[in-house]
Each structure stands twice: as structure tokens, then as C-alpha cells.
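# Fold and geometry: a report
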Amino acid sequence: MKTLYEVMDGSSGDEEKLRKAGEILKAGGLVAFPTETVYGLGGDALNPASSRKIYAAKGRPSDNPLIVHICRLCDLDRIAWDTDKRAALVARAFWPGPLTMILNKKDVVPMETTGGLSTVAVRFPSHPVAQRMIDAAGGFVAAPSANTSGKPSPTSARYVAEDMDGKIDMILDGGDVGIGLESTILDLTEKDPMILRPGYVTQEMLEEVLGKVLVDRTILDASSAQRPKAPGMKYRHYAPKGELAIVEGEPERVTERINALCRQAAQEGKKTGVIAVDETASRYLADSVKSVGSREDEEAIAHSLYRILREFDDEGIEVMYSEAFSSHGMGQAIMNRLLKAAGHHVIRV
Ligand code: TXA
Ligand code: MG
């Protein structure tokens, strides 16, 4: 299949590209598009055949449900039951934006889209290209992140093309995304609201609106015997091709240990990489040292993490070490993705 690649440049030509994307989606095809979190791989959420195509293009297990993206608040109750109005409160506070709600689904949403579940994940993204494309497609677009299953989510169209070229109908290039990590997922189907995947919208922010909000224990804890409630969170994820470990402890000892580990790997003939921060990057000796930004700036860290993991892949780095980051606020999302990328391999010094 030839994949059309269209750059959204803010000119009047964008309208025609969006109209075409809408037609492809309505006809059951797949279009990758930018959102404020990561690029999505879109298909008509109400068409079971489209959802099957999404699973095939990503190589994703079909028990891992998709998020339905909407572009109007009033469309929420066409696809989901909101029994106690918590959804309305959350929507008013965080939509459009990087927040996904799990609600009980209505019959129009096919089981293919929800991976066989009777609940549905819904998100109203704030990115203008996403909103206009969803509108052109008829209002309901199922979209996982636009990466091959298991790889880091794409933060620019270039990475979408790397994974999806030849497998989907169209890529809309809207430049680099703003946030860089996937949306927060909030389950509202139980008595107590629970975060199933941390993101830009933090537990503290949600508690201001809802009161007590729980966090799925499996998010930062590999030893938990529980199964994560979001089926996708159980898979190895966000992972680079090389081997990644996180080194945690007092800063000077971390630097020392990472340098020793890199020396050892280099002696074994392996190409090494280090994920550092601006404050420490100059202290490392490795084939490739990358800073995610200042340790104080969580938004910068979130923004660069997936790009850096993909750059290490491109450079053929075989062994990588990362410093650990704070796990408060947005740091919870950063450490959750980093731990998964590392398969929970943490070295404490
Ligand atoms: O930021 C995002 O959310 C991006 C952009 C494209 O919107 N999308 C995204 O989708 O990250 P995906 O498919 O890569 O991740 C969706 C996650 C998976 O872990 C899946 O298991 C979970 O949401 N999920 C979807 N529906 C669910 C449901 N009904 N119950 C529990 N978890 C659900
Ligand atoms: Mg994903």
C-alpha cells in the first residue's frame, strides 16, 4: 500500500488534506495524525473492520482496547453511559486535553474497538489538526499511539513513517507533539475513580475535581502480583531495541556506576548510551550521551524521553543506562514509562 504523506502547514491547502483524511476514514481506511500527547493511528471507531486493521498495522494483540477520540463534548453520551456525572466534572476541567476516561460503553461501539470489553476509553484531544480530522471523519476515531506495538510512541511524523509507511493510507504531519507522553487514563466505572496510566494530568489535579482518586498499584511496582486494569499496561512497552537499565541512588554514585558499567560494556564490544540531565551530562563517558533537559523541568523530560529512546535505536546503541527521576506529579508518568522501557530493570547504588 502506498502511504500518502501530507504536511499540515497552516495554509488554506490544509482543508483539502483534512477532507481527504475524513473520506479515507469514513471508507474504513487508516490515517495517522498528531495530538497534543503523541501521534495517533486513526480508524473509524464505529466500524469493526477499521479496528481490525489498526491491530494488524500495529501488530497489536486484539485484547488491548483502543481509545475513541471525539471532537465535541455532546458526542460523549452517544457512545458512553455516565451514571453519576463524574465524567461531566472531569470533562469540564480537562477537556479538550490529555485525559482519557473509561466509561461503560453503549452498543454502537463495537467489541472490536474495545478489545471485547463492555467499557470504552474516550478522549477529546486539544490538538486542532486532531479535532478537525475527527470532525471530517464523522466524529468518532479509534486511535492507539501510531507506533509498532512495543516501541516508543511517536512524537513526530518521521517516527510514524518509520513504523507505518506502506501499512496505512495516510500520515498527517503536524510537526512535533507538545507533551510527548500518552494521556492520563482515568477509570470511572468503579466506585472510586482510579488512574490506570499516569500522564500530564496528575493525581493531584484530578483530586481537586473529584476528591479521592486511586492509582493502579502496578504503575510503578513491578513486584505487584495484580494485573494492571488497562490491558495495554501489561505488555512490554515503550521499549528501545537495546537493553536499558535505570541506575538509582545518590547522584555521584550513580555517575560513577554508570561510567563503570559503560566501560565494561565497551570492553565487551557493545555500543553504549546514557540518558542524563543537563546538570550531569558532561560527566558521562559513553558512545552517546543524551540529556532529557534540566532535572527541574519535568515537561522537558516528558517531551524528549521517547525521541531519545528512538535516537538510540537509530544510532545502534546496544546497552543504555538512565538516571532515575522524581516520581511525584508528572514524574509519575515519566518513571512509569521509563520503568516499562527498561523492563523494570533498576540498579540501586
Ligand atoms: O495520548 C493518548 O492516549 C494516545 C493518543 C493517540 O491519543 N493514545 C494512546 O493509545 O496512547 P494506546 O492505544 O497506545 O493506549 C491506550 C491504553 C492501553 O493501555 C489500553 O489497554 C487502555 O488504554 N484502554 C483502552 N480502553 C480501555 C478500557 N476500556 N479499559 C481499560 N483500559 C483501556
Ligand atoms: Mg500505545
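In this text, all values refer to a predicted model and were calculated from it rather than measured experimentally.

### Quick notes on the pattern of salt bridges
Tallied over the entire structure, the rule returns 25 salt bridges. Three or more residues are tied together by salt bridges with common partners; here these are Arg72, Asp75, Arg78 and Asp135.

### So, the packing of aromatic side chains
Applying the stated rule across the entire model yields one aromatic pair. Measuring from centroid to centroid gives 6.2 Å for Trp95 and Phe124, while their planes differ by 65 degrees, and the two rings are edge-to-face. With Trp95 in the loop between helix 4 (86-94) and strand 6 (99-105) and Phe124 in the loop between strand 7 (119-123) and helix 5 (128-136), the pair connects residues that are 29 residues apart, well separated along the chain. Like Trp95, the residue Phe124 is buried in the burial classification. Across from the ring centre of Trp81, 4.3 Å away, lies the NZ or CZ of Lys106, which sits over that ring. In this structure, Lys290 packs its charged tip against the face of Phe312, placed 5.5 Å from the ring centre.

### Topic: the nonpolar core
Note that soluble globular proteins tend to have their nonpolar side chains buried in a common cluster. Ranked by size, the top nonpolar core spans 43 residues in total, and within it Val90, Trp95, Leu99, Met101, Leu186 and Leu206 carry the most contacts. Elements supplying a minimum of two residues to this core: helix 2 (48-58), helix 3 (76-79), helix 4, strand 6, strand 7, helix 6 (157-164) and helix 7 (203-210). Per element, the largest residue contribution to this core is four residues, and it comes from helix 4. The contact partners of Leu99, leaving out residues within four places of it in the chain, are Val90, Phe94, Val122, Arg123, Ser183, Thr184, Leu186, Val201 and Leu206.

### A short note on helix 5
When helix 5 is considered as a whole, its buried residues turn out to be Val129, Ala130, Met133 and Ile134. All buried residues of helix 5 lie within an arc of 130 degrees about the axis, which places them on one face of the element. On its buried side, helix 5 packs onto helix 1 (14-26), strand 2 (31-33), strand 4 (67-69), strand 8 (141-142) and strand 9 (170-173).

### Digging into the site of ligand 1
With respect to spatial proximity, 29 residues lie near ligand 1, and among them Thr37, Asn64, His69, Ser183 and Gly232 are the closest. Here a nitrogen atom of ligand 1 and a side-chain polar atom of Thr119 are 3.0 Å apart. Protein contacts shield 97% of the accessible area of ligand 1, which totals 690 Å² for the unbound molecule. Contributing elements (two or more residues each) for the shell around ligand 1: strand 4, strand 7 and strand 11 (194-197). By residue number, the principal contributor to the shell around ligand 1 is strand 7, which donates four residues.

### Focus on the pairing of strand 9
In strand 9, alternate side chains face the same way, and those of Met170 and Leu172 on one face and Ile171 and Asp173 on the other are all buried. Strand direction decides the pairing type here: strand 1 (residues 4-7) and strand 9, joined by four bridges, are parallel. Considered in strand 9, the bridge of Glu6 is made with Leu172. Inspection of the sheet shows strand 2 paired to strand 9 by two bridges, in the parallel sense. Considered in strand 9, the bridge of Ala32 is made with Ile171.

Analysis parameters
Residues numbered from 1 in each chain as written. Chains lettered and ligands numbered in written order. Predicted model: local features only at pLDDT ≥ 70, side-chain atom pairs only at ≥ 80, totals over all residues. Heavy atoms only, no water. Salt bridge = Lys/Arg side-chain N within 4 Å of Asp/Glu carboxyl O. Phe/Tyr/Trp six-rings, centres within 6.5 Å; stacked < 30°, edge-to-face > 60°. Helix = DSSP H or I, 4+ residues; strand = E, 2+ residues; numbered from the N terminus. Buried < 20%, exposed > 50% of the residue type's maximum accessible area, 1.4 Å probe, protein only. Lys NZ or Arg CZ within 6 Å of the ring centre and 35° of its normal. Core = buried A, V, L, I, M, F, W, Y, C linked by side-chain atoms within 4.5 Å. Contact = heavy atoms within 4.5 Å. Arc of directions from axis to C-beta. Near = heavy atom within 4 Å. Polar contact = N/O pair within 3.5 Å; in protein donor to acceptor, adjacent residues only side chain to side chain. Areas by Shrake-Rupley, 256 points an atom, 1.4 Å probe, with all protein chains shown as cover. Pairing = 2+ DSSP bridges.

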